[in-house]
Amino acid sequence: MSIIREGYYFAGVALLVALFLYFAINPYAAIIPAVLACYCLYFFRNPKRKIPADESLIVSPADGTVQDVVHIDEDDFIHSPCNKIIIFLSVFDVHVNRSPIAGEIKVQKYICGRFRPAYKDSVGFENERHLIGIENDKLRVTVTQIAGILARRIVSYVTLEDTLEKGELYGLIRFGSCTEIVMPDNVEVLVKKGQKVRGGETIVGKIKN
C-alpha cells in the first residue's frame, strides 16, 4: 500500500491546521482537522494489485460499483457498436485510475461541464470529464474520468502518444466520482450492474474468439 503524492499535501495542510488549533485554542478543536488528515491519507491510497497477464482480458479502470452496463450504437474513437460500463466511486473507494489494456493513447479530450452528483444518469454527458482512447494491435477502448459534486479535480499523468501497460496508474479523481469504460462489441462483458470491482484486477471483459 502506498500513498499518491497529492495525499501528503492535503494531509499536511489538515495536520498543520490541527496543530494550530491544538496550541491556539484547545486540544478538542484539533480533532476534526486531525481526522481529516487521516482521511486524506486513506483517500489517496494506492494499493498493489495483481494484474492479469492474458492480453485478451480487459481490467477495470477503477474501484467502485458497476452502476450500469449500456449498449451504444457507436463510439467516436472505436467506430463500431460498443458496450459502456459505468463505475460509481464513493468517497470510501480507491480513487486512482488504471489503464484497462496495454496500448498507446491515441485520443485525449478534456471537456468542461457541470458538477452534478456522480450517481446521476446524465453525468457522462453534462459533467466535467477527461477521456482517453487507448489502442493496441487487438482493440481500442475509451476510458472517461467524470467529476462529481465533490470531485472537482480530475488529475491525469499522461498525454497523447504515451504508452501504458495494463493496470498502470494514469490518473485520479478527487473525492467521489464516476469512471466509464467503452469496449467494442467483440469484447464479452463479464460484469453486471451492482457488482463491486477493483481497478487493475477485476476482469470486466474478454476478447471473443
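Here goes a summary of the coordinates provided. (Residues numbered from 1 in each chain as written. Predicted model: local features only at pLDDT ≥ 70, side-chain atom pairs only at ≥ 80, totals over all residues. Heavy atoms only, no water.)

Looking at the sheet that holds strand β3 (residues 57-59)
Working step 1: Read from one edge to the other, the open sheet built from 3 strands follows the order β3-β16-β14, with strand pairing classed as antiparallel. Of all strands in the sheet, those with a lone pairing partner are β3 and β14 (187-189), marking the two edges. On average, each strand axis in the sheet is inclined to that of its neighbour by 30°, with strand direction left out of account.
Working step 2: Examined bridge by bridge, β3 and strand β16 (residues 203-207) share 3 bridges and lie antiparallel to one another. Within β16, the position partnered with valine 59 by the bridge is isoleucine 203. (Pairing = 2+ DSSP bridges. Helix = DSSP H or I, 4+ residues; strand = E, 2+ residues; numbered from the N terminus. Axes fitted to C-alpha atoms, helices over the stretch in contact; angles between N-to-C directions.)

Concerning helix α1 (residues 5-24)
Working step 1: In a regular helix each residue adds 1.5 Å, so 20 residues correspond to 28 Å; α1 covers 29 Å between its end C-alpha atoms and thus fits that length.
Working step 2: Every buried residue of α1 is listed here: Glu6, Gly7, Ala11, Ala14, Ala18 and Leu21. Looking down the long axis of α1, one finds its buried residues gathered within 120° of arc, a one-sided arrangement. Those residues of α1 that are exposed and angled more than 90 degrees off the buried face are Arg5, Tyr8, Tyr9, Leu16, Phe20 and Phe23.
Working step 3: Looking at the buried positions of α1, the neighbouring elements they touch are β1 (2-3), α2 (31-43), β10 (154-156) and β12 (169-173). (Expected span 1.5 Å × (residues − 1). Buried < 20%, exposed > 50% of the residue type's maximum accessible area, 1.4 Å probe, protein only. Arc of directions from axis to C-beta. Contact = heavy atoms within 4.5 Å.)

Concerning the pairing of strand β13 (residues 177-184)
Working step 1: Among the 8 residues of β13, 8 are classified as buried, and the element is accordingly described as predominantly covered.
Working step 2: Of the two faces of β13, the one holding Ser177, Thr179, Ile181 and Met183 and the one holding Cys178, Glu180, Val182 and Pro184 are both buried throughout.
Working step 3: One ladder, built from 8 bridges, connects strand β5 (residues 82-89) with β13; its direction is antiparallel. Residue pairing in the sheet places phenylalanine 88 in a bridge with cysteine 178 of β13.

Some words on the environment of phenylalanine 44
Working step 1: Turning to its location among the elements, phenylalanine 44 is positioned in the loop between α2 and β2 (45-46).
Working step 2: On the basis of relative accessibility, which here comes to 1%, the residue phenylalanine 44 falls in the buried class.
Working step 3: Sequence-wise, phenylalanine 44 and isoleucine 3 are 41 residues apart; in three dimensions their C-alpha atoms are separated by 5.6 Å.
Working step 4: Those residues in contact with phenylalanine 44 that sit more than four places away from it in its chain are Ser2, Ile3, Ile4, Glu6, Gly7, Phe10, Leu172, Arg174 and Phe175.

Some details on the packing of aromatic side chains
Working step 1: A complete count under the given rule lists 6 aromatic pairs for this structure.
Working step 2: When the centroid spacing of 5.4 Å and the interplanar angle of 80° are considered together, the rings of tyrosine 9 and phenylalanine 10 count as edge-to-face.
Working step 3: Look at tyrosine 9 and you get exposed, because its relative accessible area is 57%.
Working step 4: Consider the rings of tyrosine 39 and tyrosine 42, whose centres lie 6.2 Å apart with planes at 45°: the pair is tilted. (Phe/Tyr/Trp six-rings, centres within 6.5 Å; stacked < 30°, edge-to-face > 60°.)

As for the nonpolar core
Working step 1: Ranked by size, the top nonpolar core spans 23 residues in total, and within it Ile58, Ile85 and Met183 carry the most contacts.
Working step 2: Mapped by element, the contributors of at least two residues to this core are β5, β8 (129-135), β9 (140-146), β13 and β16.
Working step 3: Top element by residues in this core is β5. It accounts for 3 residues.
Working step 4: Leave out the neighbours within four places in its chain, and isoleucine 85 touches Val66, Asp68, Val69, Thr179, Glu180, Ile181, Met183, Val189, Val191 and Val204. (Core = buried A, V, L, I, M, F, W, Y, C linked by side-chain atoms within 4.5 Å.)

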